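Spelled out, the chains give:
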Amino acid sequence: EAQVTQNPRYLITVTGKKLTVTCSQNMNHEYMSWYRQDPGLGLRQIYYSMNVEVTDKGDVPEGYKVSRKEKRNFPLILESPSPNQTSLYFCASSPQQHTEAFFGQGTRLTVV
Amino acid sequence: GQSLEQPSEVTAVEGAIVQINCTYQTSGFYGLSWYQQHDGGAPTFLSYNALDGLEETGRFSSFLSRSDSYGYLLLQELQMKDSASYFCAVRDSGYSTLTFGKGTMLLVSP
């Protein structure tokens, strides 16, 4: 089954404790991205990657890091999480034609 | 930069037809997409328009006018399960970010 898998689905952590949210896709897509969703603000792009070892900032990259060492994986790293990073996070992948994005099930992160 | 405007909320009754509009401002244009999201769930792809005109997929249709920087999603024969948020999204080039509107919450009542 074609899918994008994120883990964990839910996470509560404390300020400053480094964390990683994993994302994996099995569709051999070149393009992957991370979004955060906050009430009233819609989906905002954090980082994206056009292929292995190629990443770029989206609209809200501050406080986040990503890597793309393999085509299927695109982890999101929060080196020192802060409460304003409490949000619902989605990973997505697209084929090179960009006509459709496939989303993971989301990770609800709470930073206290 | 890019910006998209869509209504925050639309209400309708079962069996009716509803249209959700989206206007956009981008430095370039590569296509307009629509996504559906049920509360807390993953957005799912509905349609994509790269050229002017109407695209129909079952009960859902999407329209684009590039000259007006405008598109809409048309939902026919509304069902209760259509209650969800609907997002329009644009990409301003083939290799750039995908920018979403803030979403329209559709409430379908019996």
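Every value quoted in this text rests on a predicted model; they were computed, and no experiment measured them.

J.: I keep staring at the overall build of chain B and nothing clicks. Help me out?
T.: Broken down by element type, chain B carries 0 helices and 11 strands. Reading chain B from its N end, one meets helices and strands in the order β-β-β-β-β-β-β-β-β-β-β. Relative to the globule expectation of 13 Å for 110 residues, the C-alpha radius of gyration of chain B, 13 Å, shows essentially globular dimensions. Each principal axis of the C-alpha distribution contributes one length, and for chain B these read about 40 × 30 × 20 Å. Out of the 110 residues belonging to chain B, those deemed buried represent 48%. Taking contacts inside chain B between residues at least 6 apart in sequence as the whole, the part at least 24 apart equals 56%. Element-wise, carbon and sulfur atoms account for 49% of the exposed surface of chain B, whose accessible area totals about 5,100 Å². For chain B, the centre of its 5 positive side-chain charges and the centre of its 11 negative side-chain charges are spaced 6 Å apart.

J.: Got a minute to help me understand the interface of chain B and chain A in this structure?
T.: Taken residue by residue, the interface counts 21 residues in chain B and 26 residues in chain A. Taken together, the connections running from chain B to chain A amount to 0 salt bridges. Remark: the boundary between chain B and chain A carries 3 residue pairs in polar contact (both at pLDDT 80 or more). Mapped by element, the contributors of at least two residues to the side of chain B that touches chain A are β4 (31–37), β5 (44–49), β9 (84–91) and β10 (98–100) of chain B. Taken together, the residues of the side of chain B that touches chain A break down into 10 nonpolar, 9 polar and 2 charged.

J.: Help me understand the packing of aromatic side chains, please; the structure alone is not making it clear to me.
T.: The geometry of two aromatic rings is summed up by the distance between their centres and the angle between their planes. In this structure the tally under the stated criterion is 14 aromatic pairs over all chains. Aromatic side chains Tyr35 of chain A and Phe100 of chain B sit 5.4 Å apart centroid to centroid with 90° between the ring planes, which places their arrangement in the edge-to-face category. Taken as a pair, Tyr35 of chain A in strand β4 (residues 31–38) and Phe100 of chain B in strand β10 lie in two separate chains rather than in one. For the pair shown, Tyr35 of chain A and Phe100 of chain B are each scored as buried. Ring centres of Phe103 of chain A and Tyr35 of chain B lie 5.8 Å apart, and the angle between their planes is 80°; this geometry places the pair in the edge-to-face category. With Phe103 of chain A in strand β10 (residues 102–103) and Tyr35 of chain B in strand β4, this residue pair bridges two chains. Note on accessibility: Phe103 of chain A and Tyr35 of chain B belong to one class, buried. Of the aromatic side chains, those joined through ring pairs into one cluster are Tyr35, Phe90 and Phe103 of chain A together with Tyr35, Phe45, Phe87 and Phe100 of chain B. Just above the ring of Tyr31 of chain A sits the side chain of Arg91 of chain B; from NZ or CZ to the centre is 4.9 Å.

J.: Honestly, the nonpolar core in this entry has me stumped. Any pointers?
T.: One broad rule of soluble globular proteins: the nonpolar side chains tend to lie buried together. The biggest cluster of nonpolar side chains holds 21 residues, and the ones touching the most others in it are Val18, Leu32, Trp34, Leu75, Leu78, Tyr86 and Leu106 of chain B. Contributing elements (two or more residues each) for this core: β2 (9–13), β3 (18–25), β4, β7 (60–65), β8 (70–75), β9 and β11 (104–109) of chain B. Counting 19 residues, the second-largest nonpolar core is a separate cluster that includes Val4, Trp34, Val66 and Leu78 of chain A.

J.: Just to check I follow, could you spell out the state of the cysteines for this structure?
T.: Put plainly, a disulfide is one covalent bond tying together the sulfur atoms of two cysteines. For the structure on display, the rule yields 2 disulfides over all chains. Between the sulfur atoms of Cys23 of chain A and its disulfide mate Cys91 of chain A the distance is 1.8 Å. On the sign convention where negative is left-handed, the bridge of Cys23 of chain A and Cys91 of chain A, at about -70° about the S-S bond, is left-handed. Here Cys23 of chain A, found in strand β3 (residues 19–25), pairs with Cys91 of chain A, found in strand β9 (residues 87–94); they are 68 residues apart in sequence, far enough to count as distant. Accessibility expressed as a relative area gives 3% for Cys23 of chain A, which makes it buried. Note that Cys22 of chain B is cross-linked by a disulfide to Cys88 of chain B, the S-S spacing being 2.2 Å. The sign of the 75° torsion about the S-S bond sets the Cys22 of chain B-Cys88 of chain B disulfide as right-handed. On the criterion of sequence distance, the pair formed by Cys22 of chain B in strand β3 and Cys88 of chain B in strand β9 is long-range, its members being 66 residues apart. Neither residue differs from the other here; Cys22 of chain B and Cys88 of chain B are each classed as buried.

Thresholds applied
- Residues numbered from 1 in each chain as written.
- Chains lettered and ligands numbered in written order.
- Predicted model: local features only at pLDDT ≥ 70, side-chain atom pairs only at ≥ 80, totals over all residues.
- Heavy atoms only, no water.
- Helix = DSSP H or I, 4+ residues; strand = E, 2+ residues; numbered from the N terminus.
- Rg over C-alpha atoms; globule rule 2.2 N^0.38 Å.
- Buried < 20%, exposed > 50% of the residue type's maximum accessible area, 1.4 Å probe, protein only.
- Contact = heavy atoms within 4.5 Å.
- Areas by Shrake-Rupley, 256 points an atom, 1.4 Å probe, with all protein chains shown as cover.
- Lys, Arg positive; Asp, Glu negative; His and termini not counted.
- Charge placed at Lys NZ, Arg CZ, Asp CG, Glu CD.
- Salt bridge = Lys/Arg side-chain N within 4 Å of Asp/Glu carboxyl O.
- Polar contact = N/O pair within 3.5 Å; in protein donor to acceptor, adjacent residues only side chain to side chain.
- Nonpolar A, V, L, I, M, F, W, Y, C, P; charged D, E, K, R; others polar.
- Phe/Tyr/Trp six-rings, centres within 6.5 Å; stacked < 30°, edge-to-face > 60°.
- Lys NZ or Arg CZ within 6 Å of the ring centre and 35° of its normal.
- Core = buried A, V, L, I, M, F, W, Y, C linked by side-chain atoms within 4.5 Å.
- Disulfide = S-S within 2.5 Å.

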